[in-house]
Structures are given as C-alpha cells and as structure tokens.
Amino acid sequence: MISLDNPRDSAERVVSELLRVPPAADELGRVFAAHGHLLHLVGGSVRDALLGRPTAGAAGAPADLDFATDARPERVLEITRGWAEATWEAGIAFGTVGLARRGLRFEITTYRSEAYDRQSRNPTVTYGDSLEADLSRRDFTVNAMAVSVPGHDFVDLFGGMADLARGVLRTPASPEASFDDDPLRILRAARFEAALGLTPVPELVEAMRSRVERLAIVSPERIRDELRKLIGAPDPVAGLERLVEIGVAEIVLPEVAAMRMEIDEHHQHKDVYAHTMTVLRQAIALEEPGAPDEVLRWAALLHDIGKPRTRRHVPGGRVSFHHHEVVGRDMARRRLAALHFPKDVTDAICRLVYLHLRFHGYGAGEWTDAAVRRYVHDAGPQLTRLHKLVRSDCTTRNRRKAAALSRTYDSLEERIADLAAREEIASIRPELSGDDIMALLGLAPSRLVGQARAHMLEFRFERGLVGREAAEAELFRWAREHEVPIPGA
C-alpha cells in the first residue's frame with residue numbers, strides 16, 4: 001500500500017505522479033465516506049494511469065470510471081440519489097450500478113465473487129465484505145489494483161504494477177480457478193496481449209489451453225464483445241495467433257483456424273492463414289492514424305475463409321480456389337450471425353469479402369467504363385475500404401509483381417476519379433425511377449416494373465448519363481422487345 005499524497009521515496013513519488021485521481025472520483029468518494037462506506041477506484045483506469053495511457057471510451061466519449069465498494073447495490077442507489085444526474089440498473093443483478101454526472105459515467109460494483117456452474121451461461125454473484133477478497137477474484141493482476149477515494153491509498157496486493165513493468169499477464173488466484181470462474185477470461189487474456197502487449201506467463205497459457213471447452217457455456221454476445229475489442233486493439237494479430245495456438249479459435253472462429261496449411265495459389269511461399277495475418281497487418285497500416293476500422297479489419301481477417309472449402313487440385317501440381325469469395329461471403333455471414341453481430345456491420349464485412357477479388361479481372365486496364373461503374377456501384381459505401389483491402393491483399397515477395405499490381409490499381413482509381421468528375425457514380429441509379437417507369441408504361445407495382453428498372457440500371461452502366469429523352473427511348477425499346485404494351489403507341 002502506498003499513500004499517494006505522502007510518498008516516502010522516489011519510487012513512490014513516481015507512482016504518485018502517474019496516478020492522478022480525477023476530481024469527480026474524489027467527490028463521489030466523499031459522498032460514500034459521509035454515509036460510512038468505502039470506495040476504491042479500480043480496474044482499467046488505475047492500470048492505464050500506471051501505463052501513462054488514457055483509458056479509451058466508446059466513440060470518443062470519456063471512459064467509464066470503475067469503482068468497488070462495500071455498499072450493496074440498493075444502498076449505492078440510496079446514497080447517490082440527488083448526487084447522480086442519472087442512474088441505470090441494467091447490471092444490478094451482478095452487483096453493478098451505473099451513474100452519470102457532468103458528462104462522466106461511473107460504474108460502482110459491490111465487493112463480490114462470481115463463478116459459472118457447469119450448465120449456466122450466466123455468472124452467479126456472491127457479495128463479499130473486503131477489498132482484498134474482491135481484488136483476488138479479478139481476472140488479472142494488472143486489473144487487481146485499487147486507489148481509495150478520497151484517501152488516495154494505492155493498493156497492489158498481487159503484484160500488478162510489477163507485472164506491468166515486466167510486460168507479463170498473470171491471475172491473482174490460480175489461472176485454472178480464474179478461468180473456471182469465468183471462461184471468457186481466456187478470450188480476455190488474448191485481448192490484453194493484443195491491446196497492451198502483455199505476454200501470458202506459461203502457466204496461464206497452459207490453463208487457457210486446458211479450459212478451452214469451458215467457453216461453450218459463455219453466451220455468444222459476450223464472446224462477440226471480446227472479439228470486437230480484440231480486433232480493434234493495436235496488435236490484433238498477436239491476440240488472434242494466441243487464440244489459434246491454444247485451440248480457442250476452433251470454437252469461436254473455426255473458419256480462421258481452418259485456414260492453416262491451405263496453400264494459396266498466388267502465394268505458394270505461405271499458407272492462407274499466414275497470408276491472412278499479413279493482409280490484416282497491411283490493412284491496419286492503411287487506416288487513418290488513431291482510428292481503428294473494425295469493418296476493414298474483419299474483412300481482412302475473413303476475406304479468404306472460403307478457400308479451404310473450395311480447394312481443388314489442378315494439373316501441374318497447383319491448386320485452385322474458384323468462387324472462394326462467394327463461399328467466403330456466405331461463411332462470414334453465418335459466423336457473424338452466430339455471434340449476433342449488428343446487421344449493418346455484417347453486411348459491410350460480407351460485401352467486402354465478396355468483392356475482394358473483383359479487381360483481379362481488371363488485367364492491364366481493359367475494363368470498360370461500364371465495368372468501372374459496376375465496380376463502384378457494387379462497392380457502394382464500402383468503396384474506400386475496398387481500395388484498402390485490395391491493396392492489402394498483395395503479399396507477394398516479388399517486388400516487381402507487387403509494383404505492377406499497385407500501378408494497375410492506381411490506374412483503376414484514376415479511372416474512377418475521372419468518371420466521378422464527369423458524372424455521379426458514387427450512387428448510380430437509373431435515369432428513370434420506378435415511378436417514371438410505371439407512369440410511362442401504365443403499370444401497377446409488379447415484378448415487371450422491377451425487371452424494367454434492372455434493365456435501365458444496366459443501360460446506365462453501359463451508356464452513362466444519356467438524358468431523359470434517350471432514357472425513355474430505351475425503356476420503350478425494351479418494352480416492345482418484351483411485348484409490354486405502351487400507352488398511346
């Protein structure tokens with residue numbers, strides 16, 4: 001224990017400088033003290049302060065401040081009534097009360113211990129009576145440090161600060177007991193490796209491997225949330241490789257694990273799995289600084305998952321993966337649906353997986369303007385991401401070949417920019433709307449209207465903007481060809 005307000009030596013002064021307690025935390029601490037209760041700042045805010053890095057909040061918002069207290073949830077609500085501007089009780093069954101004040105969010109959790117039984121997907125919660133017992137049940141030592149408020153005593157009972165300094169990941173209790181309590185911690189360990197660069201100690205890795213099957217009782221939503229945090233980490237490849245190594249990926253992302261040792265016909269020096277990890281790294285390198293792109297990262301990870309199922313041997317000792325982008329799109333959709341991903345995120349990822357090979361038909365720039373328009377239309381709002389994914393998908397060690405592919409894609413982007421300067425191609429649509437078609441042909445809403453509109457869209461691809469008169473003439477030509485009566489003809 002260190003008193004941050006009265007450090008005894010230079011080492012304690014360093015800790016005191018790093019652990020600057022937010023004034024709002026002290027204010028809340030005084031509210032609890034006035035009612036005879038203890039309050040400690042815990043978890044990520046303490047850990048990240050020692051690392052000299054801000055705790056990230058969602059979408060740029062201030063991060064939640066997490067606290068532990070001896071007060072029961074109902075008592076927390078009682079003593080903060082009037083101080084908190086808003087409260088939420090979604091986590092109260094697990095001992096957590098949420099508060100908001102002056103734009104900040106606070107999560108206060110009663111001292112507790114939680115564990116899964118062999119059948120349940122949800123933890124059972126037992127309240128505790130001491131900070132030491134509460135910290136001992138936390139996931140990792142780097143999260144088992146606390147600072148009292150408003151007293152400013154730093155508590156590190158399990159060596160979390162030393163583990164941060166050494167760059168290692170350990171559990172306060174035995175790792176087997178920790179993972180039995182909550183198997184999701186296996187995924188969280190990989191996420192911490194990806195996010196903080198902390199290497200799990202050997203006994204932790206072995207416990208992760210031995211408890212893999214326990215993940216079957218964890219809900220898909222909790223697994224999804226951990227995976228999304230992992231993919232958004234500074235080095236998701238490190239965490240993903242850990243999941244593959246210990247067998248977790250075979251349960252939560254089996255399509256990724258299946259890519260190992262599948263020979264890639266374009267890159268025979270590496271298997272599809274190794275190629276995919278390189279693509280992911282290269283896609284991350286193309287992101288805007290400080291702005292992780294979750295959709296791009298998932299697309300990079302999943303873009304080749306269709307290869308194992310489409311692998312065929314062809315003459316000459318080579319293999320082919322025909323239509324793996326179609327199979328991969330469908331596989332990605334099923335996996336993301338099983339993890340309960342939001343539909344808009346799923347649609348964006350699957351569109352990129354499906355389109356990632358389209359560019360390779362461009363050759364040396366032989367595409368017509370119509371083909372370029374289709375490329376832009378089919379990519380839709382994912383066009384910028386598609387550019388990055390396609391460029392990332394080049395992992396050849398042949399510099400001449402890589403340079404040629406880059407120049408060819410430069411040419412395609414120039415074609416797109418040139419067309420965009422002459423016409424609206426970002427959201428291509430027929431010059432005649434569905435209402436126009438019904439009015440001109442005297443049709444009611446029907447499948448026939450949809451067929452006519454599809455033809456006019458194809459005409460728009462082929463001819464570009466031709467004007468209203470020419471578009472109507474083409475519609476009437478199509479109608480005569482398909483024996484659709486034209487009013488007044």
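So, here's what we can say about the structure. (Residues numbered from 1 in each chain as written. Predicted model: local features only at pLDDT ≥ 70, side-chain atom pairs only at ≥ 80, totals over all residues. Heavy atoms only, no water.)

### Describing the environment of proline 7
Piece 1. Tracing the chain through its elements places proline 7 in the loop between β1 (2-3) and α1 (10-18).
Piece 2. Residues proline 7 and alanine 489 lie 482 residues apart in sequence; the distance between their C-alpha atoms is 95 Å.
Piece 3. Not counting the four nearest positions on each side in its chain, proline 7 is found in contact with Glu12, Arg13 and Ser16. (Helix = DSSP H or I, 4+ residues; strand = E, 2+ residues; numbered from the N terminus. Contact = heavy atoms within 4.5 Å.)

### A look at the nonpolar core
Grouped burial of nonpolar side chains is what soluble globular proteins tend to show.
Piece 1. Core analysis: the biggest nonpolar cluster contains 115 residues, and Phe67, Phe154, Leu302 and Tyr375 have the highest contact counts within it.
Piece 2. In terms of residues, this core owes the most to one element, helix α8 (residues 184-196), which gives 8 residues.
Piece 3. Each residue touching tyrosine 375, except ones within four places of it in the same chain, is listed here: Arg358, Phe359, Trp367, Leu383, Leu386, Val390, Tyr409, Leu412 and Ile416.
Piece 4. Judged by nonpolar contacts, the second largest core, of 15 residues, contains Leu441, Met456, Ala471 and Leu475. (Core = buried A, V, L, I, M, F, W, Y, C linked by side-chain atoms within 4.5 Å. Buried < 20%, exposed > 50% of the residue type's maximum accessible area, 1.4 Å probe, protein only.)

### Focus on the pairing of strand β9 (residues 145-148)
Piece 1. Going residue by residue along β9, you find Met145 and Val147 tucked away on one face and Ala146 and Ser148 tucked away on the opposite face as well.
Piece 2. In this structure, strand β2 (residues 39-42) lies alongside β9, joined through 3 bridges in antiparallel fashion. Residue valine 42 lies in a different strand from β9, and its bridge partner there is alanine 146.
Piece 3. One ladder, built from 3 bridges, connects β9 with strand β10 (residues 153-156); its direction is antiparallel. Bridging from a neighbouring strand, methionine 145 pairs with aspartate 156 of β10.
Piece 4. Hairpin connection of β9 to β10: 4 residues between the antiparallel strands, including histidine 152 at a positive phi of 65°. (Pairing = 2+ DSSP bridges.)

### Section: helix α20 (residues 383-392)
Owing to its 3.6 residues per turn, the α-helix brings residues three or four apart onto one side.
Piece 1. Here α20 lies mainly inside the structure; 7 of its 10 residues are buried.
Piece 2. For α20, the complete set of buried residues consists of Leu383, Leu386, His387, Lys388, Leu389, Val390 and Ser392.
Piece 3. Tucked inside the fold, the buried residues of α20 contact α14 (272-285), α15 (294-302), α18 (343-355), α19 (369-379) and α21 (399-422).

### Side note on the side chain of threonine 171
Piece 1. Inspection of the secondary structure assignment puts threonine 171 in the loop between β11 (168-169) and α7 (175-181).
Piece 2. Excluding residues that lie within four positions of it along the chain, threonine 171 makes contacts with Asp139, Phe140, Thr141, Ser178 and Leu204.

### A few points about the packing of helix α9 (residues 202-210) against helix α11 (residues 236-246)
Piece 1. One way to put it is that α9 packs onto α11 with a least axis distance of 9 Å and a crossing angle of 60°. Relative to α11, the element α9 is oriented oblique. Along this stretch, α9 crosses α11, giving a crossing that reads as right-handed. Taken together, the residues of α11 that come into contact with α9 (itself represented by Val205, Met208 and Arg209) are Arg242, Glu245 and Ile246.
Piece 2. Classifying every residue of the contact of α9 with α11 gives 3 nonpolar, no polar and 3 charged. (Axes fitted to C-alpha atoms, helices over the stretch in contact; angles between N-to-C directions. Parallel < 35°, antiparallel > 145°, perpendicular 65-115°, else oblique. Left-handed = near helix turned anticlockwise from the far one by under 90°. Nonpolar A, V, L, I, M, F, W, Y, C, P; charged D, E, K, R; others polar.)

### Topic: the sheet that holds strand β6 (residues 104-110)
Sheet strands pair by backbone hydrogen bonding; their relative direction is either parallel or antiparallel.
Piece 1. Ordered in space as β1-β10-β9-β2-β3-β6-β5-β4, the 8 strands form an open sheet in which the pairing is mixed. The sheet terminates laterally at β1 and β4 (86-88), the two strands that pair on one side only.
Piece 2. Relative to strand β3 (residues 65-69), β2 runs antiparallel, the two sharing 3 bridges. Pairing of histidine 40 across the sheet is with alanine 68, part of β3.
Piece 3. Docked against the sheet, helix α2 (residues 23-34) engages β2, β3, β5 (96-101) and β6, running at close to 40° with respect to β6.

### Observations regarding the packing of aromatic side chains
Piece 1. All chains considered together, the criterion is met by 6 aromatic pairs.
Piece 2. Taking the centre distance of 5.5 Å and the plane angle of 65° together, the rings of tryptophan 83 and phenylalanine 106 count as edge-to-face. Of the two residues, tryptophan 83 is situated in the loop between α4 (73-80) and β4 and phenylalanine 106 in strand β6; the sequence distance between them amounts to 23 residues.
Piece 3. With a relative accessible area of 11%, tryptophan 83 lands in the buried category.
Piece 4. Pairwise contacts between aromatic rings join Phe67, Trp83 and Phe106 into one cluster.
Piece 5. Of note, arginine 329 hangs over the ring of tyrosine 354, and the distance from its end group to the ring centre comes to 4.5 Å. (Phe/Tyr/Trp six-rings, centres within 6.5 Å; stacked < 30°, edge-to-face > 60°. Lys NZ or Arg CZ within 6 Å of the ring centre and 35° of its normal.)

### Digging into the pairing of β6
Piece 1. One ladder, built from 5 bridges, connects β3 with β6; its direction is parallel. Pairing of threonine 69 across the sheet is with threonine 110, part of β6.
Piece 2. Here β5 pairs with β6 via 6 bridges, running antiparallel. Bridge assignment links arginine 101 to a residue of β6, and that residue is leucine 104.

### Observations regarding the pattern of salt bridges
Piece 1. Under the defined criterion, the tally for this structure stands at 42 salt bridges.
Piece 2. Taking the shortest distance from any N to any O, the salt bridge between aspartate 48 and arginine 47 comes out at 3.0 Å. The residues aspartate 48 and arginine 47 share a single accessibility class, namely buried.
Piece 3. In this structure, the salt-bridge partner of arginine 333 is aspartate 347, at a minimum N-O distance of 2.9 Å. On the criterion of sequence distance, the pair formed by arginine 333 in helix α17 (residues 324-338) and aspartate 347 in helix α18 is long-range, its members being 14 residues apart.
Piece 4. Salt bridges sharing common partners tie together Glu193, Glu206, Arg209, Arg242 and Glu245. (Salt bridge = Lys/Arg side-chain N within 4 Å of Asp/Glu carboxyl O.)

### Section: α19
Piece 1. Taken as a whole, α19 has its buried residues at Ala370, Ala371, Val372, Arg373, Tyr375, Val376 and Ala379.
Piece 2. On its buried face, α19 is in contact with α18, α20, α21 and α23 (447-463).
Piece 3. Looking one or two residues beyond α19, the residue adopting positive phi is glycine 380, at roughly 55°.

### A word on the packing of helix α22 (residues 434-441) against α23
Piece 1. The contact between α22 and α23 brings their axes to 10 Å, and the two run at 115°. What the angle tells us is that α22 and α23 run roughly perpendicular. For α22 against α23, the interelement crossing comes out right-handed. Contacts between α22 and α23 involve Gly434, Ile437 and Met438 from the former and Val449, Ala452, Arg453 and Met456 from the latter.
Piece 2. Looking at the contact of α22 with α23 residue by residue, the classes come out as 5 nonpolar, 1 polar and 1 charged.

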